[in-house]
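Single-letter residue listing:
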Amino acid sequence: INPRAVALNPKTHKVYAVNSVSGTVTVIDDAEHSSATVKVGDEPAAIAINVDTNKIYVGNGGSGTVTVIDGATNAVTASVPVGDLPYVVAVNPATNKVYVSKTFSDTMTVIDGKNNRTSVLKVGVQADAIGVDSVANKIYLTSYESNTITVIDGANDLFTRVPADFHLWGITVN
């Protein structure tokens, strides 16, 4: 009910659809021609996949958590507290870090994919979209309110802010 976000793992040929009202993720296995439903947190709204570890990360706005799903078994392996209203989730597969932006917050929660430990980055703006360059280890945040792109160096968490056009909503990194 009420799909909010979709993600694809090209290595496993699985598609994941986040269903906000029912608090579930529908897993469509194109190779097996099957589907499954996984219960996650309240009001999920964001999803990202680490294709190298086959872990799926679902941001649950209603419960302030990120649910971790094992892509091989569809089992929930963790529910990581990240603070109020996780809004955007992105993964850097090279560093196995997960970046979580929260609505109305100038901080990001960073999850270490190895042990699900969290840290907080004060970035100064609410990120409306996150793009990850895993080769250069850079994370790009767009901010609708501040009309900027924040560039984070994944090696040391230092960042710079670059002015951008009016009201940015998305970003893609090649």
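This text follows the structure it describes.
Let me begin by describing the structure that accompanies this report. Computed from a predicted structure; not experimentally measured.

Rules behind the numbers
- Residues numbered from 1 in each chain as written.
- Predicted model: local features only at pLDDT ≥ 70, side-chain atom pairs only at ≥ 80, totals over all residues.
- Heavy atoms only, no water.
- Helix = DSSP H or I, 4+ residues; strand = E, 2+ residues; numbered from the N terminus.
- Pairing = 2+ DSSP bridges.
- Axes fitted to C-alpha atoms, helices over the stretch in contact; angles between N-to-C directions.
- Salt bridge = Lys/Arg side-chain N within 4 Å of Asp/Glu carboxyl O.
- Buried < 20%, exposed > 50% of the residue type's maximum accessible area, 1.4 Å probe, protein only.
- Contact = heavy atoms within 4.5 Å.

**Some thoughts on the environment of Ala-129**
Then step 1. Among the secondary structure elements, Ala-129 is positioned in strand β13 (residues 129-133).
Then step 2. Expressed as a C-alpha distance, the spacing of Ala-129 and Thr-109, which sit 20 residues apart in the sequence, is 14 Å.

**Observations concerning the sheet that holds strand β5 (residues 44-50)**
Then step 1. On the basis of which strands lie adjacent, the open sheet formed by four strands has the order β5-β6-β7-β8 and antiparallel pairing. The strands lining the two open edges of the sheet, one partner per strand, are β5 and β8 (76-81). Within this sheet the neighbouring strands show an average axis-to-axis angle of 20°, counted without direction.
Then step 2. Where β5 meets strand β6 (residues 55-60), six bridges bridge the pair, whose relative direction is antiparallel. Looking at the pairing, Ile-47 lines up with Val-58 of β6.

**Comments concerning the pattern of salt bridges**
Then step 1. Scanning the model with the defined rule gives three salt bridges in all.
Then step 2. As a salt-bridge pair, Lys-11 and Asp-52 come within 3.0 Å of each other at their nearest N and O atoms. Separated by 41 residues along the polypeptide, Lys-11 in the loop between β1 (3-9) and β2 (14-19) and Asp-52 in the loop between β5 and β6 bring together distant segments of the chain.
Then step 3. Since its relative accessible area comes to 53%, Lys-11 is described here as exposed.
Then step 4. Asp-153 is the salt-bridge partner of Lys-138, the closest N and O atoms lying 3.6 Å from each other. Residue Lys-138 is found in strand β14 (residues 138-143), and its partner Asp-153 is found in strand β15 (residues 148-153); the two are separated by 15 residues along the sequence.
Then step 5. On the basis of relative accessible area, Lys-138 is assigned to the partly exposed category, the value being 25%.

**Focus on the environment of Pro-44**
Then step 1. Here Pro-44 lies in strand β5.
Then step 2. Between the alpha carbons of Pro-44 and Thr-65 there is a distance of 9.1 Å; along the sequence they are 21 residues apart.
Then step 3. Pro-44 has contacts with Arg-4, Val-18, Asn-19, Ser-20, Gly-23, Thr-24, Val-58, Gly-59, Asn-60 and Gly-61, leaving out every residue within four places of it along the chain.

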